[in-house]
Amino acid sequence: MSERSCVLESAAYSELKKAFENKREAIADLRKEGKKTVFMLGDDVPEEIIMAAGMIPVRLFGCHGPRPNADKYLEISFGALWRGLFETVMSGEYADMMDYLVLSNSSDIIQKLFYYLTEIKRTEPNRKLPVIEYVDYLLMHRDFRCQERNLRETKEFIEKVEKWSGKKITDEALSEAIKVCNEYKQALRAFSSLRYGADSRINGSEALTAIAGSFYLDKKQATKLIKNLAKEAESWPKVDALKVLYTGSMQETAEVYELMEENGINVITEDKLFGDRYADCDTDETIPPARAISSRYHNRFPSSERGTVKERARCIPERITEVGAEALVIFMNQKDESYIWDAPKQKIELDKMGIKILTIEDQYYPLRDKAELAVKFAQFAETVKGGN
Amino acid sequence: MAEEKNYETRSVKKLNTPKLTGAYQKEWFMGLRARIEAGEPFAFVGANTPMEILQAMDIPFVVNQWWTAICAAKQMGPRFYDLLEQAGYRNDICSYCAAAYACSLDNKREEGPWGGLPNPTLLINAESCSSGMKIEELMTESFGADSFRIHHYHQDVITENWWEKSLYDWEELVGKKRIDFYENELRLLISFLENKTGRKLDMNRLVETLNNVNEQEGYFRKTRDIIAKTVPAPVTVTDTVNAVMQSQWHRGTRWGVEMAKSLYEEVKDLAERSVAAVPNEKIRILWIGRGLWFNLAFYQHFEEKFGAAFIWTMYLGLAADGYLRYNVEENPIRSLASRFSFLEDILHVPPFNNQWFVKEAINNQIDGVVFLVPENCMNNGDFSYNIIRSLEEAGFPVCVLRADPADAKKWSQENMVAAVEDLIENRILPKKNGR
Ligand code: SF4
Ligand code: SF4
């Protein structure tokens, strides 16, 4: 199944897909005007600040081929997603483009990667590693302590980026960047709304390709393409499959979603950055920009790494209702199983709603045993549908 | 050839101090129970929290990891894992950290060691990994306690040879920004405790407590130094680990000081009388990672077969180097913030950890290193590559064991023995003999 012909015929989709599949080329295009590029590792790097400085924020993506550096330097306890991201930095493949690398406190492993990379840079000076920075937001709690700290981190990050770019970042420039990002996020949300509910018209893999592809385009152009795509998607045929909310290890490629689609499951939303979580809420345009940027991190959908069990036990069922999902899929890479500490409390709520959960553990990236997984997906789709 | 020996779970008791500290555990715990039953507040705290504050406020508390070790020693593991499984959790990951949560789920808690853990009214934790924080949240709910979590701020200052700065230049070591942050967190914690318990922190008591800590850790430092310079070593890790840890959990009390002093005097006496822990000591081993609580006799096999003495673990090492902070009076809370915020870095953040291990390996005249990497911890990330590289480059061969130090069930004695034997026979001995 996967991409349908109506989708492939769309000019907007083709462009997004091209960027998704040829990230290097897309980034090279962005750099044409000679702007510096700041790669971001983690969900919570304030890209508006990078934009306001006249630099290009680029989402770091994992290497899916062999990962010799990850195998050499990382613990076996680091799951596949992290290994891929680390490899992209270390392989040097993007060394000519990666002027800066900013990591955010979105997961414990990212903090460790920051320490590892900093130490490698320090002890192996001949390696071509970029300038490495860390944004240490407090994301788990949303009290005044975190809000104060996050504002301070934002201001410090602004100062750092000013040094990098050699120019002052004005409030006007920040407000403009916020506006551009908000419009982009609004377009993404409008597009994603066509994934939801009984009339769902977009496959998970199509959505992932379009959303993640747009990360590698100029924001204004991306907004335009996503708007066009949403318009076209209104007339795409409905997707007839089990509608699920996806959580667990982030998917950077469409591989897993496609396998689900081939077996009767459609991911209609996910709490992941490569997907709906990126655009989950806007930045307030009515308050001073630094304050607005840091406050947005208090309003986001709680991620599984940085949300409390209690919050997630409330938000996941709410989100399932909101989007009209029929089931929850928790898909975990090996050594990336912290989600299991969330699940039992969510299950209590979901049981009340009659929502079933499929839990997949011990996965790799790229997938190792597709056939076995296909059977699990198909059986789950059948059980839930049959139960209906 | 391999002597067939039965490695029962038992520890060697050569010194008197471990007997004193061991006996005190139960006595102290029963006293604590009585206080709690009489209506006093009861805090259950993570090992990485500044318990000196609770000590100074005279709030009864138990350290999570201490309790887990007690339960592990009483072979409570299987019971824990069943409880987790029944509650819908996996029982094969995070076992060490989840033990106390399992305990909170136990509706027959009184069957636990020494009448079981009383119900905590306060939970205090420092931000750890995602799973750890979720486990603590679940535990807080399950115990029905009030909780305070100390937030985290990453290490952003790199200092080479940190141990040269920690005693006096601790402000510079941690960095102003970070120490400001933690000082504020500790002040909030104190307010929280004052609020919840109605007790007040007397700053004079805090200074006294911190001075006690310095005195206590000073004895540990001297003990470590004696072991480091004495060949053959007067004691091994199995002799000292319990005494060190048991008194560390009572850090800042006069009892803690007395026990550290007593251990020091005993070790000093043994060294002066040239008593050797392993009379045929030929090899000195440094052990990195959590101790094998359930299998202390593991080490004995190598003593007997190779004259290999396991003389160093992080427990005494950290006591000797990690805690001392002088010039406390000026701002006791700030000095505590410096100690507390940096402890984790020593073990987990490069280059603090690898440089320290190398320094300790040199000072302790080490021949080889055994590095236990916990297998079921997703957050295990001390940059072990870097630790191994640093040690090997400095001339110390390293053997890595992958295991779950808390779960006796999963310990493969043969594999682990074979790995350490390989280190000794194929890396340490050829090198020594070639010298
Ligand atoms: S990941 Fe490791 S540190 Fe975190 S809770 Fe699990 S065992 Fe503990
Ligand atoms: S209550 Fe029982 S099972 Fe739980 S920790 Fe205590 S002793 Fe162990």
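Here the structure is a predicted model, which means the values were calculated and not measured. Numbers given for residues are sequential positions, taken from 1 along each chain in its written order. Throughout, the order in which chains and ligands are written sets their labels, letters from A for the former and numbers from 1 for the latter. Whole-chain, interface and lining totals are the exception, using all residues; otherwise, since this is a predicted model, local features are given only for residues with pLDDT of at least 70 and side-chain atom pairs are given and counted only at 80 or more. As a rule here, side-chain values cover all heavy atoms of the structure and leave hydrogens and water aside.

Thoughts on the overall build of chain B
Right, on to step 1. The helix count covers DSSP runs of H or I at least four residues long, the strand count covers runs of E at least two residues long, and both are numbered beginning at the N terminus. A tally of helices and strands in chain B yields 17 helices and eight strands.
Right, on to step 2. In terms of C-alpha radius of gyration, chain B reaches 21 Å, essentially the compact-globule figure of 22 Å for 435 residues.
Right, on to step 3. Overall, chain B is about 65 × 50 × 40 Å in size when its C-alpha atoms are taken along their principal axes.
Right, on to step 4. Note on exposure labels: buried denotes an accessible area under 20% of the residue type's maximum, exposed denotes more than 50%, and partly exposed covers the range between, all computed with a 1.4 Å probe on protein chains only. Relative to its 435 residues, chain B shows a buried fraction of 64%.
Right, on to step 5. The contact criterion used is simple: two residues touch if any of their non-hydrogen atoms lie within 4.5 Å. Restricting the contact set of chain B to residue pairs at least 6 apart, pairs at least 24 apart contribute 79%.
Right, on to step 6. Residue exposure ignores everything except the shown protein chains as possible cover, and the areas themselves are Shrake-Rupley values with a 1.4 Å probe. Of the roughly 16000 Å² of accessible surface on chain B, 48% is carried by carbon and sulfur atoms.
Right, on to step 7. Charge assignment: positive for Lys and Arg, negative for Asp and Glu; neither His nor the chain ends contribute. For the purpose of locating charges, the reference atoms are NZ of Lys, CZ of Arg, CG of Asp and CD of Glu. Distance between charge centroids for chain B: 2 Å, based on 49 positive and 60 negative side chains. When we talk radius of gyration, it's over C-alpha atoms, and the globule rule is simply 2.2 Å times the number of residues to the 0.38.

Side note on the site of ligand 1
Right, on to step 1. As a matter of local geometry, ligand 1 sits amid Cys94(B), Cys97(B), Cys129(B), Ser131(B), Gly132(B), Ile135(B), Cys377(B), Met378(B) and Asn379(B).
Right, on to step 2. Residues were grouped as follows: Ala, Val, Leu, Ile, Met, Phe, Trp, Tyr, Cys and Pro as nonpolar; Asp, Glu, Lys and Arg as charged; and all remaining residues, including Gly, as polar. Looking at side-chain class alone, the shell around ligand 1 contains six nonpolar, three polar and no charged residues. One heavy atom within 4 Å of a molecule or strand makes the whole residue count as near it.

Observations concerning the sheet that holds strand E1 (residues 37-41) of chain A
All names here are of chain A.
Right, on to step 1. In this scheme, strands are said to pair when DSSP sees at least two bridges between them. Overall, parallel pairing links the four strands, which are arranged E2-E1-E3-E4 in an open sheet. Looking at strand neighbours, the two that pair on one side only are strand E2 (56-59) and strand E4 (131-135), the edges of this open sheet. With direction set aside, neighbouring strand axes in the sheet form an average angle of 25 degrees.
Right, on to step 2. Note that strand E3 (residues 100-104) and E4 share five bridges and pair parallel. The residue of E4 that forms the bridge with Tyr-100 is Val-131.
Right, on to step 3. In this analysis an axis means a line fitted to C-alpha atoms, helices contributing only their contacting stretch, and an angle means the value between N-to-C directions, from 0 to 180 degrees. On the sheet, helix H8 (residues 144-165) packs against E1, E3 and E4 and is oriented at approximately 165 degrees with respect to E4.

Comments concerning empty space enclosed by the protein
Residues and elements named next belong to chain A.
Right, on to step 1. In the cavity and pocket records, a cavity denotes points on a 1 Å grid over the protein atoms alone where a 1.4 Å probe fits but cannot get out, a pocket denotes an open set with protein on both sides within 12 Å along at least 5 of 7 lines, and lining residues are residues with an atom within 4 Å of a point. Grid points are joined across faces, edges and corners, and a volume is the space filled by probe spheres set on the points. One pass over the structure, following the stated rule, counts eight cavities of 30 Å³ or more.
Right, on to step 2. In this structure, the largest cavity encloses a volume near 210 Å³.
Right, on to step 3. Taken together, 21 residues make up the lining of the largest cavity; nearest its centre are Gly-42, Asp-43, Leu-81, Trp-82 and Met-250.
Right, on to step 4. Counting residues per element, the ones that place at least two in the lining of the largest cavity are E1 and helix H6 (80-90).
Right, on to step 5. In terms of residue count, H6 provides more of the lining of the largest cavity than any other element does, three residues in total.
Right, on to step 6. Of the residues in the lining of the largest cavity, the class split is 10 nonpolar, four polar and seven charged.
Right, on to step 7. Size it by volume and the second largest cavity reaches roughly 90 Å³.

As for the confidence of the model for chain B
All names here are of chain B.
Right, on to step 1. What pLDDT expresses is the predictor's confidence in each residue, scored from 0 to 100. Across chain B, the average pLDDT comes to 91, with 94% of residues at or above 70.
Right, on to step 2. Here residues 1-12 is a poorly scored stretch, pLDDT under 50, and it has 18 contacts once near neighbours within four places are set aside; other chains count.
Right, on to step 3. Reported for the predicted complex are a pTM of 0.94 and an ipTM of 0.92.

Structural notes on the site of ligand 2
Residue and element names in this part refer to chain B.
Right, on to step 1. The environment of ligand 2 is formed by Trp-67, Cys-71, Met-76, Arg-79, Phe-80, Cys-103, Asp-106, Arg-109, Gly-112 and Pro-113.
Right, on to step 2. Breaking the shell around ligand 2 down by element, the ones donating at least two residues are helix H3 (64-73) and helix H4 (77-86).
Right, on to step 3. Residues belonging to the shell around ligand 2 are distributed by class as follows: six nonpolar, one polar and three charged.

A closer look at the sheet that holds strand E7 (residues 327-333) of chain A
All names here are of chain A.
Right, on to step 1. Reading across from one edge, E6-E5-E7-E8 is the order of the four strands in this open sheet, with parallel pairing throughout. Strands at the two margins of the open sheet, each flanked by one partner only, are strand E6 (265-270) and strand E8 (356-363). For this sheet, the mean angle separating the axes of adjacent strands, direction not counted, is 30 degrees.
Right, on to step 2. Bridge count between strand E5 (residues 242-248) and E7: five bridges; the pairing is parallel. Opposite Gly-248, over in E7, you have Phe-331 as the bridge partner.
Right, on to step 3. Sitting on the sheet, helix H14 (residues 309-323) is in contact with E5, E6 and E7, with an inclination near 150 degrees to E5.

Comments concerning the interface of chain B and chain A
Right, on to step 1. With 50 residues of chain B at the interface, the matching set in chain A holds 47 residues.
Right, on to step 2. The quantity reported as buried area is the accessible area (1.4 Å probe) lost by two parts once they are put together, taken as the sum for both. The junction of chain B with chain A conceals about 4200 Å² of combined surface from both sides, 56% of it contributed by carbon and sulfur atoms.
Right, on to step 3. In the sections that follow, a salt bridge refers to a side-chain nitrogen of Lys or Arg positioned within 4 Å of a carboxyl oxygen of Asp or Glu. Our count for the contact surface shared by chain B and chain A stands at six salt bridges.
Right, on to step 4. Measuring nitrogen to oxygen at the nearest pair gives 3.5 Å for the salt bridge that ties Glu141(B) to Lys345(A).
Right, on to step 5. Its residues assigned to classes, the side of chain B that touches chain A comprises 22 nonpolar, 15 polar and 13 charged.

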